[in-house]
Amino acid sequence: MGCGVSKSDQFLKSSGKAIRSAVLIQRWYRQYVARTEMRRRYTWHIFQSIEYSGEQAQIKLYNFLGYLMDNFTPASNERNLISHIFRENEVCRDAEWERYFCYKNIEVPEIYSGPHLTFPMTAEQAVGLVEAFRNKKQLHSRYVLQLLLETWKQLRMLPNINRISTCQSKEITICGDLHGQLDDLLLIFYKNDMPSLEKPYLFNGDFVDRGKDSIEIIIILFSFLLVYPSEVYLNRGNHEDHIINLRYGFTKEVLTKYKMHGKRILKLLQKIFSWLPLATVIDQKVLVLHGGISDTTDLAVLARVDRHNYVSALRPPKKRYQSTARMSVDSDIDEGVWSPNKVFQRQNSLTSLKPINRDSFMNRSLQDFSGRLKVDEVELSRRTQSIFNPAISRLENETASSSESVNSLTVIEEWKQILDLLWSDPMNQDGCVPNEVRGGGCYWGPDVTEDFLNRHNLQLIIRSHECKQEGYEFCHNRKVLTLFSASNYYDVGSNRGAYVKLGPDLVPYLIQYQASSMIRELTVRQSVGRTERSALKVLREQLFAHKSDLICAFKKVDGSNTGLLCLNDWASAVESVMHLGLPWRMLHCQLVPGKTNGGMIDYHQWFNELAIKGANADHLDQSLLETLYRHRSTLETIFRIVDANNSGFITIEDFRQTWKLLGAYLKMEITDDTISDLVVTIDRNQDGSIDIEEFMEAFRLTDKKSRLERGRSMFMGTATDLTKLEGDPNI
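What comes next is a walk through the structure. All values reported here derive from a predicted model rather than from experimental measurement.

1. Thoughts on the packing of aromatic side chains
Part 1: For the coordinates displayed, the defined rule picks out twelve aromatic pairs.
Part 2: Taken together, the ring pairs in this structure connect Phe189, Tyr201, Phe203 and Phe224 into an aromatic cluster.
Part 3: Just above the ring of Trp152 sits the side chain of Arg156; from NZ or CZ to the centre is 4.8 Å.

So this is what it looks like as structure tokens:
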């Protein structure tokens, strides 16, 4: 018998240490996972908030320009600058478009080394196009035009809602948004094989914009549609719209790649996009559409609309009047009723505006804008007839007005159906409310889904339209599936892509992927860190662009004008300006580098550290510079609209009018002297024209574009900038 420590006691002591160590490791690991997930979520929220605010800004700008079209003195300068984008939405005869398809006078040079096409196309040629684009080759414009002609003919034969069936030997593959990312499409074809008689595909819209290979993607999809018309199906997305393309890169891409015939290609694509089917029903049980539904969505109504009349889903179509029935669709002259040489003298710009209510066009939802359109359609028709047909009797005028009113009501209801289908998003709460985040469509809840499925005897809705971190997401009791096929959408590693396969049992089989070899070489921590740095860089640019507003908010809190704020006050002030709903207290470590002054933030020093080197424009008015940085995308969009012939250049006078349009839109005065200073800065060769690309590059905040900006356009304006203007009765 001894008094030493027994082996069991030693074992208990050592095992106790091991357990405590395991608990500590487990606790550390859980904290690490929680922090990583938190970083991943706020990074995602930064990207998504900025993306949606950009979409909202684009819709509001279009509403504003549309209101100007209806309220300007008809022959004013600004009206002539912007009228052509609204002419695209008029209903015109197909014969007026057919001449654009003329390709026979375009020669293919002997030195051309790209793919050659013959029609009808073969499967080998479609596969050859895929390989050619994989090797960075370009299809000649003659073949592009010929392909578009055949695609147009094919789409015209299709119904608004395709109805297809699976069978025991076939699964249908459904792909979501591709957004010009050719690598994702190539990876899908590699993993799942290319379309064929045994491998049907359905592509659910948003083929273009943001990515750099949009034209290649639609050429591939159109080619397989022609080769396998019963196995390849295409739905329209909200980005198959020439107004959206102006902001998000597709217009610029086509004009860059096809300098000689780019304008014709864009015109044809506008028409072709309007002929894309709106939805697809699989086995009478699964509905596939791009955006979503609302509490008024009716497939019977959607099945009978004239979808090709809606060249842009952002505004109802207008009928083309007799006075312009023979006018070419690309004429630089506006409708006869507005011709400056016929009825009215050219007048000055913003002085011609009638007093207007901001609520009429700056509403958050396009549906709220439709009430004014109902009245304006009738009034515009009556005004046109009174000018050009003074001999028409009063009775005929009354009859025509009554008919126009009925037709206008029908058009508005159809337009709402299409708008909801292309722009809506699901939400967790019951009900159906306007989509204030995007500015178009609605948010619909589980009760709306349940009612819709019951009314139409369906069991599942597959939609796209929203980027999801895993490439897909179920909601509404797994009765709504969101599918997104563009991986690395915001930055490398930001999200996976996914596609789904449906067999006769209609049970979704999901396949995820990430089209980047770089991401496979990174750890989870490295991947999250890379994406986080990119998001914070974008956020810093947003903060820098709102410097004046932020300083005003800080000074309101800093009553003693010390230049110092506590963390809580700093976070509250930033959120009051940015309205992005971000965890600013947590983000301050990344956004406010260095040590704080006794726990206080020196906001003047913070702005000095935040400053990003921009253009050498010290002589320019600083408020104007800040406006330029903040609304850079909106300004570039207006430039693209004013550049009616897509040359990439605008005159000095048009440059001035562009700034006046922006000033009216933002309710700020921009003097001629200020604009002249800008002209001196940009027009260095003094040739009397402004190169749009040079102008936008000269005032870019960063030397190298982030992936979010590359080919996509930077969303420098938040929703706050736009909602500030609401409620003001006059410009």
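2. Thoughts on unusual backbone geometry
Part 1: Of the consecutive residues Phe119 and Pro120, the connecting peptide bond is found in the cis state with omega at 5°.
Part 2: For Pro120, the position within the fold is in the loop between helix 3 (95-98) and helix 4 (123-134).
Part 3: Despite not being glycine, His476 has its phi angle at roughly 55°, a positive value.
Part 4: Along the polypeptide, His476 turns up in the loop between strand 13 (472-475) and strand 14 (480-483).
Part 5: What makes His476 buried here is its relative accessible area of 8%.
Part 6: The backbone of Asn477 sits at a positive phi, close to 60°, despite the residue not being glycine.

3. Points about the packing of helix 19 (residues 567-578) against helix 20 (residues 584-591)
Part 1: Direction vectors running N to C along helix 19 and helix 20 enclose 95°, while the axes themselves pass 9 Å from each other. In this view, helix 19 runs roughly perpendicular relative to helix 20, as classed from their interaxial angle. Side by side, helix 19 and helix 20 meet where Leu567, Asn568, Trp570, Ala571, Val574, Glu575 and Met578 of the first sit next to Trp584, Arg585, His588 and Leu591 of the second.
Part 2: Residue composition of the contact of helix 19 with helix 20, grouped by class: seven nonpolar, two polar and two charged.

4. Brief notes about the pattern of salt bridges
Part 1: Within the structure shown, the criterion is met by 15 salt bridges.
Part 2: Here Lys212 makes a salt bridge to Asp213, at a shortest N to O gap of 3.2 Å.
Part 3: Taking the relative accessible area as the measure of exposure, Lys212 reaches 55% and is therefore exposed.
Part 4: A salt bridge links Lys257 to Glu216; the shortest N-O distance between them is 2.8 Å.

5. Some remarks on the sheet that holds strand 2 (residues 161-164)
Part 1: Strand order in the open sheet made by the six strands is 2-6-7-12-14-13, with mixed pairing throughout. Here the strands that pair on one side only, and so sit at the sheet edges, are strand 2 and strand 13. The average undirected angle you get between the axes of adjacent strands in this sheet is 20°.
Part 2: Examined bridge by bridge, strand 13 and strand 14 share four bridges and lie antiparallel to one another.

6. Focus on the nonpolar core
Part 1: If you look at the biggest cluster of nonpolar residues, it comprises 60 residues, and the most contacted ones within it are Leu139 and Phe203.
Part 2: Counting residues per element, this core draws most heavily on helix 7 (residues 214-227), at eleven residues.
Part 3: Sequence-distant contacts of Leu139, defined by excluding residues within four places in its chain, comprise Tyr112, Pro115, Leu117, Leu129, Phe133, Val144, Ile219 and Tyr258.
Part 4: Core analysis: the next-biggest nonpolar cluster, separate from the first, contains 37 residues, Leu550, Leu582, Val592 and Phe607 among them.

The rules behind each value
- Residues numbered from 1 in each chain as written.
- Predicted model: local features only at pLDDT ≥ 70, side-chain atom pairs only at ≥ 80, totals over all residues.
- Heavy atoms only, no water.
- Phe/Tyr/Trp six-rings, centres within 6.5 Å; stacked < 30°, edge-to-face > 60°.
- Lys NZ or Arg CZ within 6 Å of the ring centre and 35° of its normal.
- Helix = DSSP H or I, 4+ residues; strand = E, 2+ residues; numbered from the N terminus.
- Buried < 20%, exposed > 50% of the residue type's maximum accessible area, 1.4 Å probe, protein only.
- Axes fitted to C-alpha atoms, helices over the stretch in contact; angles between N-to-C directions.
- Parallel < 35°, antiparallel > 145°, perpendicular 65-115°, else oblique.
- Contact = heavy atoms within 4.5 Å.
- Nonpolar A, V, L, I, M, F, W, Y, C, P; charged D, E, K, R; others polar.
- Salt bridge = Lys/Arg side-chain N within 4 Å of Asp/Glu carboxyl O.
- Pairing = 2+ DSSP bridges.
- Core = buried A, V, L, I, M, F, W, Y, C linked by side-chain atoms within 4.5 Å.

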